[in-house]
Protein chains: 2
Amino acid sequence: MKKHKNNLDFLKPDIFNSFIDLLEKKDTKKIFKKIKNFHPSEIASYIQILDVKHRKQLLNILSKDFDSKILVELEPSFLQKIVNEIELKIIYKAINELDSDDAAIIIGSLDDEKKKLVLSKISRKERTFIEDNLSYDENTAGRLMQLELVRIPVHSNVGDVIDYLRKKRTLPKVFYDLYIVDKNQKLVGTIELSAIISSSRNVKISNIMKRSELSVHSSLDQEDVADIFRKRNLTSIAVIDDDRKLLGTINVDDIVDVIDDEAQEDILKLAGVGEQDFYGAIISITKARFAWLFFNLIAAFFASYVIKNFEGTIEKLAILAALMPIVASMGGCSGTQSLTTAVRAIAMKQLTWSNALRSVGKEVSVGMINGVIFSAASFFLTYYWFQELLLSFVISFSLFLNLIFGSFFGIFIPIFLTKKGVDPAIASGTFVTMFTDIVGFFMFLSLATIFLI
Amino acid sequence: MKKHKNNLDFLKPDIFNSFIDLLEKKDTKKIFKKIKNFHPSEIASYIQILDVKHRKQLLNILSKDFDSKILVELEPSFLQKIVNEIELKIIYKAINELDSDDAAIIIGSLDDEKKKLVLSKISRKERTFIEDNLSYDENTAGRLMQLELVRIPVHSNVGDVIDYLRKKRTLPKVFYDLYIVDKNQKLVGTIELSAIISSSRNVKISNIMKRSELSVHSSLDQEDVADIFRKRNLTSIAVIDDDRKLLGTINVDDIVDVIDDEAQEDILKLAGVGEQDFYGAIISITKARFAWLFFNLIAAFFASYVIKNFEGTIEKLAILAALMPIVASMGGCSGTQSLTTAVRAIAMKQLTWSNALRSVGKEVSVGMINGVIFSAASFFLTYYWFQELLLSFVISFSLFLNLIFGSFFGIFIPIFLTKKGVDPAIASGTFVTMFTDIVGFFMFLSLATIFLI
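Residues numbered from 1 in each chain as written. Chains lettered and ligands numbered in written order. Predicted model: local features only at pLDDT ≥ 70, side-chain atom pairs only at ≥ 80, totals over all residues. Heavy atoms only, no water.

**Structural notes on the pattern of salt bridges**
- Overall, the coordinates contain 29 salt bridges over all chains when judged by the stated rule.
- The closest approach of N and O atoms between Lys-53 of chain A and Glu-24 of chain A, which form a salt bridge, is 3.5 Å. Here the residue Lys-53 of chain A occupies a position in helix H4 (residues 52-62), and Glu-24 of chain A occupies one in helix H1 (residues 13-24), the gap between them amounting to 29 residues.
- We classify Glu-24 of chain A as partly exposed; its relative accessible area is 44%.
- The partner of Asp-423 of chain B in a salt bridge is Lys-269 of chain B, with the nearest N and O atoms 2.5 Å apart. Of this pair, Asp-423 of chain B sits in the loop between helix H21 (389-419) and helix H22 (424-452) while Lys-269 of chain B sits in helix H16 (residues 252-270), and the two are 154 residues apart along the sequence.
- A relative accessible area of 30% means that Asp-423 of chain B is categorised as partly exposed.
- Each member of the salt-bridge network shares a partner with another, and the members are Asp-227, Arg-230 and Lys-231 of chain A together with Asp-260 of chain B. (Salt bridge = Lys/Arg side-chain N within 4 Å of Asp/Glu carboxyl O. Helix = DSSP H or I, 4+ residues; strand = E, 2+ residues; numbered from the N terminus. Buried < 20%, exposed > 50% of the residue type's maximum accessible area, 1.4 Å probe, protein only.)

In structure tokens:
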């Protein structure tokens, strides 16, 4: 019994290290032999993981017979970073071989001077394709679409379509749906390949096509396109202009990338990491993280200001300084939990203005239940440590209130920001922890001043 | 010029509220008229957002002519929650109509008693299908696959295949690839529909099929399956057993759900929200959040213990208590940024053991640069506030060190946990903030004790 090969094995340290050994030894022959069995995406992974020296060596070896698909499989930001290490002849070849959307990504990664040079050397048709693509805004359906698709006149029958597909030489590499257009190139319907192939030759296309209105305008945001794919389980979708003229098509494999990017963005924004990229240069990463650290510094000084007003209380009872971070930190924790749930639910269109009130109620209830549990726990821990009943009461009561505040702020702030048109993922975090810190310190020290001093 | 209809309009508050009005008025006729234009996924969205009373009303209205696809479009956890509100006859109908993988999800959402009842009432073939599916572990390729697929004997030619597809009545609803098997039902290749349709009838399948080894074992984790889809831009993949026998197929629309879930999981785990779900009951959400709050409480008491050792210092200079949270909070912020970047890069297979050292170096460099900037900022802010040179020095120097520590812990801890086989998303957060709090308080108060007391 042959063990089934796991397709992710190539990333294992021993396999990767033996590959580096080959690069060190400059054993080009063995490297070629090894790479021959690799998928372009696997080679792209290696290029991304290798250090500069080995990467250049590998690119050099590959350049003799470069598979254009490798360029497509690189992260766009990584491609932009290393595109200068790639010979121009490889770029020309790639642009001629690839679908228009992929070719446009490669052109887009070049600096202005090279972009001009490359555009001037490719065929006129290709150039028009790419300049058209680049004319759409980033992150829209227009930028995402490929122009290669199969158009079928609405009066055809199944036999005509099959004959046409057999004869035509410039079909897209892979396609799943055919688009039915009228004589003005306006979209009137779509049909899945599987429907064509399982129908008799004399069936009229207009009888089996879907007259669905399902298409997207070229200006639609790619996240909304992804949402339609997700909801309708689509494999491809038509992109149209204001007059319903068919412009291009978006395939599901491009949407998979959009979904990845979208989730990535939410995660990174929530941690205040901005648009930064794992392959970015140190200086651009530092910049991306600057804003969140900056707001956090301001928020921290605000919290300091609140504490400073209780200087007298702390002088009399320094142990309060040791206990107050517990209240702030637990509130922040509860707030972050609610916040993350809310931001994700908003992104997935599960939390809308329509069920906002109910959702806030639910979060506050969760905060109350955990509030009861953890205020009891902190009461006993504090009492065990200091044997002071009033001190234990002050910490547990303020912790209870702060957990509830945390869960309230955690859901209210992103809902409020969304309503105001601000992206809740990017702006909520600092606000929530600022509120829970300030409320936590204030309540704890106020109660302590009243009951203990 | 007709404005293009945006497919997400149905979630707009006014449209949603007018729908609730119809439910309030029990205007069944108008509701039917409205729903007729809805896609099952849109109806599912409404069912998920409506409150209990209106949801029951809507389900009641729909039950007369229930579209089975609605059940598939509900979030599995939501389906589990409301499955008892759905009449059994609707469940029977759905199981007969849907693909095996979807039918299995519906059966899986029933409680044991109902599951037995339903399984006893469906056809034997259907029952075997579903019991087979449920016998695979959750989150594996086996559980994800559907059994409906098109098998083609390896010795066929294109004409045979087209004739077969035209004649066969029980084809999958939609299919993109055909699977080529030998006489023992072992997988020998795959072919895309578009390749069939664009070849002449007399071409041999074995000449145009891909002899690719690309298939997954039924036990492979669904996240690894998603990774293969992502890397190879696939539309479907074959699932095989130990003997390479063809078991089923996974289509890209199911993978889109896996990718969503995967990203969702990482986001929620990072915020300590566990496996909780937006539609979960209050009590299960509370439970899911308990662990992180619990560890945070322990970590916070540890930090308190560190501060308590400096009680004498704080008694003498209470203002230190106001400033120390700044150092801890900035370190935590820097740590969370590095952590999130690292966890995401690990999930996307961009950060592996092979480039770990380089990545740690990069994070620490970022921490150092931001450390210089923000320690300068905090120096000036503190000096402006208190006019104390030594105090400003103490805060800015400890803040500098803690930003570096934060970025180091932030990347080191997830790499270390991954190496040890622990999921870095779920466990890293508490560790990182615990370390940055403890290190931050300790350094600030130590330096203060040395220089200021």
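Now, onward.
**As for a nonpolar patch on the surface**
- A cluster of nonpolar side chains, Phe-290, Phe-294, Phe-295, Ile-298 and Phe-302 of chain A together with Ile-373 and Leu-381 of chain B, forms an exposed patch at the surface whose accessible area comes to about 590 Å².
- Element by element, the count of residues in the nonpolar patch is highest for helix H17 (residues 282-308) of chain A, at five residues. (Patch = residues over 30% accessible without salt bridge, like charges linked within 9 Å, V, L, I, M, F, W, Y side chains within 5 Å. Areas by Shrake-Rupley, 256 points an atom, 1.4 Å probe, with all protein chains shown as cover.)

**Topic: the sheet that holds strand E1 (residues 151-153) of chain A**
Residues and elements named next belong to chain A.
- The strand order across the open sheet formed by three strands is E1-E2-E3, and the pairing between neighbours is mixed. The open sheet terminates on both sides in strands that have one partner only, identified here as E1 and strand E3 (187-192). Strand-to-strand twist across the sheet, computed as the mean angle between neighbouring axes with direction ignored, equals 35°.
- Taken together, the three bridges between E1 and strand E2 (residues 177-181) define a ladder with parallel strand orientation. The partner of Ile-152 across the bridge, within E2, is Ile-180. (Pairing = 2+ DSSP bridges. Axes fitted to C-alpha atoms, helices over the stretch in contact; angles between N-to-C directions.)

**Topic: the interface of chain B and chain A**
- Each partner contributes to the interface: chain B provides 138 residues, whereas chain A provides 138 residues.
- A salt bridge links Glu-42 of chain B to Arg-232 of chain A; the shortest N-O distance between them is 2.9 Å.
- One can count 32 residue pairs in polar contact (both at pLDDT 80 or more) joining chain B with chain A.
- Sort the elements by how many residues they give to the side of chain B that touches chain A and helix H19 (residues 319-347) of chain B lands first, with 18 residues.
- Here the side of chain B that touches chain A is composed, by residue class, of 71 nonpolar, 37 polar and 30 charged. (Contact = heavy atoms within 4.5 Å. Polar contact = N/O pair within 3.5 Å; in protein donor to acceptor, adjacent residues only side chain to side chain. Nonpolar A, V, L, I, M, F, W, Y, C, P; charged D, E, K, R; others polar.)

**Let's talk about the relation of the copies chain B and chain A**
- When chain B is fitted onto chain A, the two copies agree to an RMSD of 0.1 Å after a turn of 180° and an axial shift of 0.0 Å. The superposition operator between the copies reduces to a two-fold rotation axis.
- A shared binding surface is used by both copies, with 100% of the interface residues of chain B retained as interface residues in chain A. (Least-squares fit on C-alpha atoms with pLDDT ≥ 70 in both.)

**Some details on unusual backbone geometry**
Residues and elements named next belong to chain A.
- In the Ramachandran plot, Lys-26 falls in the positive-phi region, its phi being about 55° despite a non-glycine side chain.
- By secondary structure assignment, the location of Lys-26 is in the loop between H1 and helix H2 (28-36).
- The backbone of Gln-387 sits at a positive phi, close to 55°, despite the residue not being glycine.

**Structural notes on helix H8 (residues 100-109) of chain A**
- Most of H8 of chain A is tucked away: eight of the 10 residues are buried.
- Listed as buried for H8 of chain A are Ser-100, Asp-101, Asp-102, Ala-103, Ala-104, Ile-106, Ile-107 and Ser-109 of chain A.

**Description of the environment of Thr-28 of chain B**
All names here are of chain B.
- Position of Thr-28 among the secondary structure elements: in helix H2 (residues 28-36).
- Note on Thr-28: relative accessible area 28%, which makes it partly exposed.
- Not counting chain neighbours up to four residues away, the residues in contact with Thr-28 comprise Ile-61 and Lys-64.

**Digging into the packing of H17 of chain A against helix H20 (residues 356-386) of chain B**
- At their nearest, the axes of H17 of chain A and H20 of chain B sit 9 Å apart, and the two run at 35° to each other. Here H17 of chain A and H20 of chain B pass one another in a crossing that is right-handed.
- Here the residues of the contact of H17 of chain A with H20 of chain B sort into 17 nonpolar, six polar and four charged. (Left-handed = near helix turned anticlockwise from the far one by under 90°.)

**Structural notes on the sheet that holds strand E5 (residues 236-240) of chain B**
Residue and element names in this part refer to chain B.
- If you trace the three strands from one edge of the open sheet to the other, you get E4-E5-E6, paired in mixed fashion. Looking at the sheet topology across the chains shown, the edges are occupied by strand E4 (215-217) and strand E6 (246-251). Ignoring strand direction, the axes of neighbouring strands in this sheet form an average angle of 35°.
- Sheet topology note: the E5/E6 ladder contains five bridges and is antiparallel.

**A closer look at the state of the cysteines**
- What the rule picks out here adds up to zero disulfides over all chains.
- No disulfide involves Cys-333 of chain A; its sulfur sits 15 Å from the nearest other cysteine sulfur, which is in Cys-333 of chain B.
- Overall, the relative accessible area of 5% leaves Cys-333 of chain B in the buried class. (Disulfide = S-S within 2.5 Å.)

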